Amino acid sequence: MRLLAQRLPAYALFAALLSAAGLPIYIHAPKFYVDEYGVSLAALGAVLFGLRLLDVVQDPLLGWLSERLRAHRGVAVALGAGVMAIAMLGLFAVPPPILPIVWFGLTLTLVFSGFSFLTICFYAQGVSKADSLPGRGHLLLARWRETGALLGVCAASVAPVALGAVLGAPFAGFAVGFAVLALASVLAMAGEWRDVGLPPATGFATVLRDPVARQLLLIALFNAAPVAVTSTLFLFYVEIALEAQGWEGPLLLLFFLSAAGAAPLWGKLAETFGGKRVLLAAMALGILSFGGALFLGPGDIWIFAVVCVASGAVLGADLTLLPAMFASRMARISPSAAEGFGLWSFVSKFTLAFAAVALLPLLEAAGLRGGADESPQQAVRLLTIFYAGVPCVLKLLAIGLLSRLKTSEDV
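Numbering of residues starts from 1 in each chain and follows the order in which that chain's sequence is written. Reporting in this predicted model follows two pLDDT cut-offs: at least 70 for local features of residues, and 80 or more for side-chain atom pairs to be given and counted; totals over whole chains, interfaces and linings ignore these cut-offs and use all residues. Excluding hydrogens and water, the side-chain values take into account all heavy atoms of the structure.

What about the overall build of the chain?
Labels follow the DSSP assignment, with helices taken as runs of H or I lasting at least four residues and strands as runs of E lasting at least two, numbered in each case from the N terminus. Along the chain, the regular secondary structure elements total 15 helices and 0 strands. Here the chain, with 411 residues, has 58% of them falling under the buried criterion. For the chain, the share of sequence-separated contacts (at least 6 apart) that also reach a separation of at least 24 residues comes to 83%. Of the roughly 15,700 Å² that the chain leaves accessible, carbon and sulfur atoms contribute 71%. Any residue under 20% of the maximum accessible area for its type is buried, any over 50% is exposed, and the rest in between are partly exposed; the area is computed with a 1.4 Å probe on protein chains only. Two residues form a contact once any of their heavy atoms are found within 4.5 Å. Accessible surface area values rest on a Shrake-Rupley calculation with a 1.4 Å probe, where residue burial reflects the displayed protein chains alone.

Quick look at helix 10 (residues 211-241)
Every α-helical turn comprises 3.6 residues, leaving residues that sit three or four positions apart pointing alike. For helix 10, with 31 residues, the first-to-last C-alpha span of 42 Å sits near the 45 Å given by 1.5 Å per residue. One axis fitted to the seven residues ending at a residue, another fitted to the seven starting there: the angle between these axes is the bend at that residue. If you look at helix 10, its biggest bend is around 55°, right at Leu233. Counted residue by residue, helix 10 has 24 buried out of 31 residues, so it is predominantly covered. Expected helix span is computed as 1.5 Å times (number of residues minus one).

Here's the deal with the pattern of salt bridges
By salt bridge we mean one thing: a side-chain nitrogen of Lys or Arg within 4 Å of a carboxyl oxygen of Asp or Glu. Counted according to the given criterion, the structure contains 1 salt bridge. Residues Lys395 and Asp318 are paired through a salt bridge, measuring 2.7 Å at the closest nitrogen-oxygen approach. Residue Lys395 is located in helix 15 (residues 377-403), and its partner Asp318 is located in helix 13 (residues 301-333); the two are separated by 77 residues in the primary sequence. Considered together, Lys395 and Asp318 belong to a single accessibility category, that of buried residues.

Let's talk about the environment of Gly45
Counting through the fold element by element, Gly45 comes out in helix 4 (residues 41-68). With 315 residues separating them along the chain, Gly45 and Leu360 place their C-alpha atoms 6.0 Å apart.

Overview of empty space enclosed by the protein
Buriedness of a pocket was judged along seven lines, with at least five required to meet protein on both sides within 12 Å; pockets are open sets of points on a 1 Å grid over the protein atoms alone, cavities are sets where a 1.4 Å probe fits but cannot get out, and lining residues have an atom within 4 Å of a point. Grid points are joined across faces, edges and corners, and a volume is the space filled by probe spheres set on the points. Tallied over the entire structure, the rule returns 4 cavities of 30 Å³ or more. Approximately 310 Å³ is the volume found for the second largest cavity. As for the second largest cavity, its lining consists of 24 residues, of which Pro226, Thr230, Phe255, Phe290 and Ser311 are closest to the centre. Of all the elements in the fold, those that place two or more residues in the lining of the second largest cavity are helix 3 (23-37), helix 10, helix 11 (248-273), helix 12 (275-290), helix 13 and helix 15. With 7 residues, the single largest contributor to the lining of the second largest cavity is helix 13.

Brief notes about the confidence of the model for the chain
What pLDDT reports is the predictor's confidence in each residue, on a scale of 0 through 100. With 83% of its residues at a pLDDT of at least 70, the chain reaches an overall mean of 79. Of all the helices and strands in the chain, helix 1 (residues 2-5) carries the lowest mean pLDDT, 47, while helix 5 (residues 73-92) carries the highest, 89.

Overview of a nonpolar patch on the surface
Here a patch means residues that are over 30% exposed by relative accessible area and free of salt bridges, tied together within 9 Å if like-charged and within 5 Å if nonpolar (Val, Leu, Ile, Met, Phe, Trp, Tyr). Together, Ile98, Leu99, Val102 and Leu106 make up a nonpolar patch on the protein surface, roughly 350 Å² of accessible area in all. When you line up the elements, Leu99 lands in the loop between helix 5 and helix 6 (100-131).

Some details on the packing of aromatic side chains
Stacked, tilted and edge-to-face are the three classes applied to pairs of Phe, Tyr and Trp rings, where Trp contributes its six-membered ring and a pair requires centres within 6.5 Å; stacked means planes under 30 degrees apart, edge-to-face means over 60, and tilted covers the rest. Enumeration according to the criterion identifies 16 aromatic pairs in this entry. For the pair Phe234 and Phe304, a centre-to-centre distance of 6.2 Å together with 35° between the ring planes defines the contact as tilted. With Phe234 in helix 10 and Phe304 in helix 13, the pair connects residues that are 70 residues apart, well separated along the chain. Of the two residues examined, Phe234 and Phe304, each falls in the buried class. Between Trp247 and Trp302, the aromatic rings sit 5.4 Å apart at their centres with planes inclined by 75°, giving edge-to-face as the arrangement. Here Trp247, found in the loop between helix 10 and helix 11, pairs with Trp302, found in helix 13; they are 55 residues apart in sequence, far enough to count as distant.

Description of the packing of helix 5 against helix 8 (residues 170-188)
A pair of packed helices can be characterised by two numbers: the angle between their axes and the separation between those axes. It is the contact of helix 5 with helix 8, at a shortest axis distance of 8 Å, that shows an interaxial angle of 175°. The pairing of helix 5 with helix 8 is recorded here as roughly antiparallel in orientation. Contacts between helix 5 and helix 8 involve Ala78, Ala81, Met84, Ala85, Met88, Leu89 and Phe92 on the former and, on the latter, Phe171, Ala172, Phe174, Ala175, Val176, Phe178, Ala179, Ala182 and Val186. Angles run from 0 to 180 degrees between N-to-C directions of axes, and those axes are lines fitted to C-alpha atoms, restricted for helices to the stretch in contact. Convention used here: angles under 35 degrees read as roughly parallel, angles over 145 as roughly antiparallel, angles from 65 to 115 as roughly perpendicular, and any remaining angle as oblique.

Quick notes on the side chain of Lys395
Owing to a relative accessible area of 7%, Lys395 belongs among the buried residues under this scheme. Any N or O atom pair separated by 3.5 Å or less is treated as a polar contact, with the protein-specific requirement of one donor-capable and one acceptor-capable atom, and with residues adjacent in sequence counted only for side-chain atom pairs. Reaching out from Lys395, the side chain makes a polar contact with the side chain of Asn223 at a distance of 2.9 Å. If near-sequence neighbours (up to four positions away) are discounted, Lys395 is found in contact with Asn223, Pro226, Met283, Ile287 and Asp318.

Overview of the nonpolar core
Buried residues of nine kinds, namely Ala, Val, Leu, Ile, Met, Phe, Trp, Tyr and Cys, make up a nonpolar core once their side-chain atoms join them within 4.5 Å. In terms of nonpolar packing, the biggest core is built from 102 residues, with Met88, Phe92, Phe104 and Phe304 touching the most fellow members. If one sorts the elements of this core by residue count, helix 6 sits on top with 13 residues. Excluding anything up to four places from it in sequence, Met88 contacts Ala21, Ile25, Ala93, Val111, Phe174, Ala175 and Phe178. Counting residues in each nonpolar core, the second largest holds 32 residues, with Ile219, Ala262, Ala282 and Ala317 among its members.

If you want it as structure tokens, here you go:
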């Protein structure tokens, strides 16, 4: 009853909506347009990179807009969710009325613009919400929020696969389900988007001048990059490197369920031992667990399932502790937090652009082919290196940066 009074389940539901429009779209949309409309990997990579260039300008501006609309944020959020839902229907449920790659770019621009704006509003509101909660409010809210987000990723990642057994158009069913979730999430959060008397916005300069905030943004960049790489290449790795077509859905579900189950545990550990120490341990475990995927090949499905469980559990720490650390810092230096999370959103999504523009064209040039076409062995090996090796290197860089972070505060 206390949790219901604090409206924490509503935050979990809204986080599920946002997560369904994030990583799963990078997992499903490129392969859907390759298989359904024959769009090339290089073209998709170029479009995804172009969208991230748009974010260079857009996300900070959306942070500024969120702050200016603070008194009317509930209406703005409802409109943003509506735009995102309509664009999702266009992306997956409407046959492209124009050139598929152009339609892909237009609809995805609207999806990600709505996603960015809602994410900034949601995390900024969370800073003031955490201050009203008992105990270590940022960790309590983060546990609910990120567990909801991970469950949303689970549902969105496997929904098209599951619906494929029932519907002739599984991605259309996914898009309709997303629109229903958007409506339910907006209704559940009604009344939470209130101006709680926070001081006026301090601007981007306050965030960027703060050395701890800058370091946390840089850590977020390198720590999110491994997830971006693996999300972009997951379906290709399972289908081509493991030759396990049909196992994509169960393995994705296993990965994200493991993350969702571990997220509350990481939060509890951080309350006892400190967020930085626990996150460093989780990152090291991530390298040990995910590095095994480098040595797998055709038929190694069950070994990869173990990798999914272990690396998924580590993802729970990444998605729970680092945002909570940043939110805690924003509460001290920029309590309105909208501009800060505008920068956070940009950093997080830039990594997905890196994965798309740097890796997909190289794989296509090496001869990697989706669907029933056979790929040369060197292309499959390059896919494995990109999928499992590159994330481990990036995670090492994140560990180095986090170990050098000097701050007297913790979540």
